Amino acid sequence: MSEKSARQASISTENQTGGLTIIKIGGSWRIDQPLPSLNFKGDQVKIVSDGLEDFDSALPSWIHHNFKNVRELDLSELPKRLQSLVRLAEKNTQWKSEDEKPNLLENFGVWGIESYSSWGRAMDHIGQTSTGLFRTLIGRSKVNWSDFTLQLQTAGVDALPIVALLGFLTGLIMAYVGLIQLRQVGATVYVANLVALAMTREMGALMTGIIACGRTSTSFASQLGSMNVSQESDALRALGINPVEYLAVPRILAVTLMVPLLSLFATFVGIFGGMIVACAGDLSIDQYLNQAIKAITFKSFLVGFIKSFFFAFIAAWAGCYRGYVAQRSALGVGDAATSAAVLGITLIVIADAIFAVIFNLYNF
Amino acid sequence: MDVTTPILKCAKLCVGYGDVSVMKDISFTLERGKILAIVGPSGCGKSTLMRVLGGLDEPMSGSCELLGVDLSQADSRAREATLRQSGFLFQGSALFSSLTLRENIEMPMREFLKISSSQIRQLAEYKLACVGLSDAIDKLPSEISGGMAKRAGIARAMALDPEILFLDEPSAGLDPLTSERLDDLILKVRESFNTSIVLVSHEVPSILHTADYCVYLDSDTLTMGAYAPPKDFLDPKSHAKAHSFFSRVVTPK
Ligand SMILES: Nc1ncnc2c1ncn2[C@@H]1O[C@H](COP(=O)(O)OP(=O)(O)OP(=O)(O)O)[C@@H](O)[C@H]1O
Ligand SMILES: [Mg+2]
């Protein structure tokens, strides 16, 4: 406030016989100015004013910081206002909460328990989701059906453009790579087999699964996470509604319904993308289509469909789970979104590998 | 600023959202170093009025001067300088959820004071000790109780040694003893820093204990019902609704 040229904050120390240290403070102490530093040892201190001009909370905070562990602190010669400010910060028994810092070993233990319990929570969430789905099947659950229709729209229909673009490009890229190799053996016509088979069995499901992780899992995690922050999920629980059932079940149902359809769509668009490349170079449209239809069987469609069904479930579940266990803070919601996408994509790729082995074993 | 300028001055102030006015005809003047309580039934517009007084929202009409500056007319630099002189505790505490209590309090200091970080640390520790939170200094807002969050919010509002503090329901949800300690804290802050304080409260004993003046907002007429020292409302000849508000809690039926 006052802009008058104030003297800088100053201190001087005086050691007296009998272990008493006298500290003289002077000048003007303001929170926007640097304060003198103090190197001091002793447990008996008297602070006196020596030309102390004005001060704000800088001075009491300085005293609090430097002398809070001193056994005997004598402030009796300081202004009353300053004394009461220092006393304000003294440990008060009326509102205390004891808390001790954990050591390294404890931290390690806590980490162990937490990572164990995070598996437990994941299993618990899977369990709750399955019972929720089951109860929905037999019509005994409380489910927010308006969420279901909304998610059909946002997780399904709204994803059409991006699924179309990525599916198209995947087919196109595969056709390019395939053509270069097949030309060497003069079998360019098989590029249609390559693209059609890869899209139906593998890429259609995988691409849509990954898109679902990026779009849908993250959005579920942040929706449910912020409901955690604002205690909305607690409010549901207080009403006797299981939040997993109420929130996760409609989302998972909507996604597992829509993503396989999207995957089918991606497959066709991918085959079309491959056709553009193939027909621009070596094949005619007729040749390509004939060859493609010969290549795909009902079985390969079924493989792609089963996979995308599971991938959809994984993506939706990862989002709901991560949102459900999110920390109650803005940061926690962000973390939940990130880890939902990571968890979803990782699980989808692992599941894909498992499917590859299983389908190979049973010659599917 | 001149020491004699009133810290807060409203004339025919009308507050609201969009085109809907919530409360109108508010006129009062608050001198430096005084404590003003805003009371009234729930939903009558106390928080809204407080936001306008503190310069967070624009008034619909009328004028409101904080520290001698009309915030709705002032240019952005004068506005910011004035806002920096005031501290705000929100009804929901509004601590930054991803920062620890210490970081919450250091944040405004880091933004506005050009001093070393050790000095900032020591200021933050002192402010948290003042509200009795020395032991929870490294906790996140999600790890403390509602009452502790209120106190941390007060410490953050006090971070820059403001001229005026706005406290929206500081003692709501606190037990009577803690709430009493909080009243003492408010009085001590006023006494030591000569800070003016505007607070919203529903607790009559606490208002009688702390406040110098009291604004009663009337939810039926949507105007300011009365402006007087809170003791005056104990008199049956005073403003009828304000009196019933005050006497209802003091004299049990
Ligand atoms: N963002 C907003 N937009 C529109 N109207 C609002 C908004 N916030 C509050 N209101 C309305 O303004 C009125 C006053 O609200 P306000 O929050 O100021 O009440 P209050 O007196 O603080 O109540 P309480 O004691 O419950 O905190 C209410 O009728 C409310 O519906
Ligand atoms: Mg309010």
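Residues numbered from 1 in each chain as written. Chains lettered and ligands numbered in written order. Predicted model: local features only at pLDDT ≥ 70, side-chain atom pairs only at ≥ 80, totals over all residues. Heavy atoms only, no water.

**Quick word on the confidence of the model for chain B**
Residue and element names in this part refer to chain B. The share of residues in chain B with pLDDT of 70 or more is 97%, and the mean pLDDT across the chain is 87. The element-level mean pLDDT for chain B is lowest in helix α8 (residues 240–250), coming to 77, with strand β3 (residues 35–39) highest at 94. Here the predicted complex carries an ipTM of 0.77, next to a pTM of 0.70. (pLDDT = per-residue confidence, 0-100. Helix = DSSP H or I, 4+ residues; strand = E, 2+ residues; numbered from the N terminus.)

**Let's talk about the coordination of the magnesium ion (ligand 2)**
For a metal with four tetrahedral donors the ideal donor-metal-donor angle is 109.5 degrees, whereas six octahedral donors ideally subtend 90 or 180 degrees. All names here are of chain B. Around the magnesium ion (ligand 2), the protein contributes the donor atoms Ser47 (OG) and Gln91 (OE1), which lie 1.9 to 2.3 Å from the metal centre. In this pair, Ser47 sits in helix α1 (residues 46–53) while Gln91 sits in the loop between β6 (86–89) and α3 (101–112), placing the two residues 44 residues apart along the sequence. Given the relative accessible area of 24%, Ser47 is considered partly exposed. (Donors = N, O, S within 2.8 Å, 3.2 Å for Na, K, Ca; no water. Buried < 20%, exposed > 50% of the residue type's maximum accessible area, 1.4 Å probe, protein only.)

**Regarding the side chain of Asp183 of chain B**
For Asp183 of chain B, the location among the structural elements is in helix α6 (residues 176–193). Dropping the residues within four chain positions of it, Asp183 of chain B is found in contact with Ser206, His209 and Thr210 of chain B. (Contact = heavy atoms within 4.5 Å.)

**Side note on the site of ligand 1**
Residues and elements named next belong to chain B. Within the structure, ligand 1 sits among Tyr17, Val22, Ser42, Gly43, Cys44, Gly45, Lys46, Ser47, Thr48, Gln91, Glu169 and His202. A distance of 2.4 Å is found between an oxygen atom of ligand 1 and a side-chain nitrogen or oxygen belonging to Thr48. Bound to the protein, ligand 1 loses 57% of the 640 Å² it would expose on its own. In terms of residues, the shell around ligand 1 owes the most to one element, α1, which gives three residues. When the residues that make up the shell around ligand 1 are grouped by side-chain class, the tally is three nonpolar, seven polar and two charged. (Near = heavy atom within 4 Å. Polar contact = N/O pair within 3.5 Å; in protein donor to acceptor, adjacent residues only side chain to side chain. Areas by Shrake-Rupley, 256 points an atom, 1.4 Å probe, with all protein chains shown as cover. Nonpolar A, V, L, I, M, F, W, Y, C, P; charged D, E, K, R; others polar.)

**Brief notes about helix α4 (residues 117–130) of chain B**
Under the 1.5 Å per step criterion, the end-to-end length of α4 of chain B is 20 Å for 14 residues, consistent within 8% with the ideal 20 Å. Here α4 of chain B has its buried residues at Gln119, Ile120, Gln122, Leu123, Ala124, Glu125, Tyr126, Lys127, Leu128, Ala129 and Cys130 of chain B. Residues of α4 of chain B that are buried sit in contact with α1 (58–67) and α2 (80–88) of chain A together with α3, α5 (146–157) and α6 of chain B. (Expected span 1.5 Å × (residues − 1).)

**A closer look at the environment of Gly40 of chain B**
Residue and element names in this part refer to chain B. Residue placement: Gly40 occurs in the loop between β3 and α1. Separated by 30 residues in sequence, Gly40 and Cys10 have C-alpha atoms that sit 18 Å apart. Among residues more than four places away in sequence, those in contact with Gly40 are Lys46, His202, Tyr216, Leu217 and Phe245.

**Comments concerning helix α5 (residues 160–184) of chain A**
All names here are of chain A. In this model α5 runs 37 Å from its N-terminal to its C-terminal C-alpha over 25 residues, within 8% of the 36 Å that 1.5 Å per residue would give. Every buried residue of α5 is listed here: Val163, Gly167, Thr170, Gly171, Leu172, Met174, Ala175, Gly178, Leu179 and Leu182. Here the buried face of α5 lies against α6 (191–229) and α8 (243–281). Two residues or fewer after α5 comes Gly186, characterised by a positive phi angle close to 70 degrees.

**Side note on the sheet that holds strand β4 (residues 72–74) of chain A**
Residues and elements named next belong to chain A. Read from one edge of the open sheet, four strands run β1-β2-β3-β4, paired in mixed fashion. With one partner strand each, in any of the chains shown, β1 (10–15) and β4 form the two edges of the open sheet. Within this sheet the neighbouring strands show an average axis-to-axis angle of 20 degrees, counted without direction. Here β1 runs beside strand β2 (residues 21–29); their pairing, made up of six bridges, is antiparallel. Note that in β2 the partner of Ser10 across the bridge is Gly26. (Pairing = 2+ DSSP bridges. Axes fitted to C-alpha atoms, helices over the stretch in contact; angles between N-to-C directions.)

**Here we look at the pairing of strand β2 (residues 20–30) of chain B**
All names here are of chain B. Summarising the sheet, strand β1 (residues 8–17) and β2 pair through seven bridges and their orientation is antiparallel. What sits directly across from Leu13, in β2, is Ile26. Hairpin connection between β1 and β2: a loop of two residues separates the two successive antiparallel strands, and Gly18 in this loop has a positive phi of roughly 60 degrees.

**Considering the pattern of salt bridges**
Counted by the stated rule, this structure contains 22 salt bridges over all chains. Two residues, Glu72 of chain A and Arg71 of chain A, come together in a salt bridge whose shortest N-O distance is 3.6 Å. With relative accessibility at 57%, the residue Arg71 of chain A sits in the exposed group. Between Asp138 of chain B and Arg102 of chain B there is a salt bridge whose closest N-O contact spans 3.6 Å. Note that Asp138 of chain B is positioned in the loop between α4 and α5 and Arg102 of chain B in helix α3, a separation of 36 residues in sequence. Connected through salt bridges with shared partners, the residues Arg30, Asp54 and Asp56 of chain A form a single ionic network. (Salt bridge = Lys/Arg side-chain N within 4 Å of Asp/Glu carboxyl O.)

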